[in-house]
Structure formats: C-alpha cells, structure tokens
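# Breakdown of the fold
One letter stands for each residue in the lines below.
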Amino acid sequence: MKKFRSISLAALFVIALATMVIAKADYTATIQNNSTQDLGTVTLMQSSGNPVYVNVPGPGTFYATVSSTITFVSINGYYAPQGGQGVATLPNGKQVKFSLSGNIIVVTDQTIMN
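Residues numbered from 1 in each chain as written. Predicted model: local features only at pLDDT ≥ 70, side-chain atom pairs only at ≥ 80, totals over all residues. Heavy atoms only, no water.

## Side note on the sheet that holds strand β5 (residues 70–75)
Where strands meet in a sheet, backbone hydrogen bonds hold them as pairs that are either parallel or antiparallel. Read from one edge of the open sheet, 4 strands run β3-β2-β5-β6, paired in antiparallel fashion. Looking at strand neighbours, the two that pair on one side only are β3 (51–56) and β6 (78–81), the edges of this open sheet. Each strand of the sheet is rotated relative to its neighbour by a mean of 25°, with strand direction disregarded. Taken together, the 4 bridges between β5 and β6 define a ladder with antiparallel strand orientation. Considered in β6, the bridge of F72 is made with P81. (Pairing = 2+ DSSP bridges. Helix = DSSP H or I, 4+ residues; strand = E, 2+ residues; numbered from the N terminus. Axes fitted to C-alpha atoms, helices over the stretch in contact; angles between N-to-C directions.)

Right under this line is the structure:
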C-alpha cells in the first residue's frame, strides 16, 4: 500500500509540473510593418497586464515573445484594441494605419489605406 501511495504522489507531481509548464508557454507576436516609416517603440499590452516593447526602426517583420495574448497595441501613444485598428501620427508628422488581430499587428502607410 505504501508503494502504491508513493507512485500515486509521484504521478500527481508529474501532472502538476506538466500543467505548470503548459500554463507558462510563450507565444510569438508579429509586427508586420508594411509602411516606409520608423515606428520607434511599439508597445504590446498582454492580457496579463505586462507590456512588451518592440523597436521597429523601419519596414519589415519584427517578432516578440509574449506570455499571453495581446489586448491592445500602441504606436506613439495611439492605440488599437484586439480585433480593431487605429491611426498613429508619428513624430515626423506622417501617419500610419495599424490593426491587431490575435498576436499579429499589421502597419501600413495611411495614404495606402485611404
């Protein structure tokens, strides 16, 4: 009986550990900057409440590791919620349009979207 109890406790420990590892899984957030602009620091706010900062110095694809889904994205103080879009005015006066869907942010020049 004692051996059975030890095996049961060990099995419970393994299941608990596996659950903790799965709960801590990281995700990849993607910023696809299709604009010609330097966006500076883009803020990704996670559902956990912790921000992730990504430097986006120009066009291209940029990745960040996040621990939960993104609830909103901010570019130069302008926000877009999950499933939404926004328009940001950059320090150089240019505007970009951006959207957030899942953990993917797509940015385009404002003139392309009009």
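## Observations concerning the environment of T65
With respect to the element layout, T65 can be found in strand β4 (residues 60–66). Its relative accessible area of 53% is what places T65 among the exposed residues. When the C-alpha positions of T65 and D26 are compared, they lie 6.4 Å apart, and in sequence the two are 39 residues distant. With residues near it in sequence (within four places) discarded, T65 still touches D26, Y27 and V52. (Buried < 20%, exposed > 50% of the residue type's maximum accessible area, 1.4 Å probe, protein only. Contact = heavy atoms within 4.5 Å.)

## Here we look at the sheet that holds strand β1 (residues 27–33)
Spatially, 5 strands are ordered β4-β1-β9-β8-β7 in an open sheet, and the strand pairing comes out mixed. This sheet does not close on itself; its edge strands, each paired only once, are β4 and β7 (85–89). With direction set aside, neighbouring strand axes in the sheet form an average angle of 20°. Of the strand pairs in this sheet, β1 and β4 are connected by 7 bridges, and their pairing is antiparallel. Of the residues in β4, the one forming a bridge with N33 is G60.

## Structural notes on the pairing of β1
The sheet contact formed by β1 and strand β9 (residues 104–109) spans 4 bridges and is parallel. Of the residues in β9, the one forming a bridge with Q32 is V106.

## A look at the packing of aromatic side chains
One pass over the full model with this rule turns up 1 aromatic pair. Summarising the aromatic geometry, the rings of F72 and Y79 are spaced 5.3 Å apart at their centres and angled 65° between planes, so their arrangement reads as edge-to-face. Here Y79 falls in the exposed class, since its relative accessible area comes to 52%. (Phe/Tyr/Trp six-rings, centres within 6.5 Å; stacked < 30°, edge-to-face > 60°.)

## Points about the environment of V42
Considering the arrangement of structural elements, one finds V42 in strand β2 (residues 40–46). Measuring from C-alpha to C-alpha, the distance between V42 and N55 comes to 6.2 Å, with 13 residues separating the pair along the chain. With residues near it in sequence (within four places) discarded, V42 still touches I31, V52, Y53, V54, V56, V73, S74 and I75.

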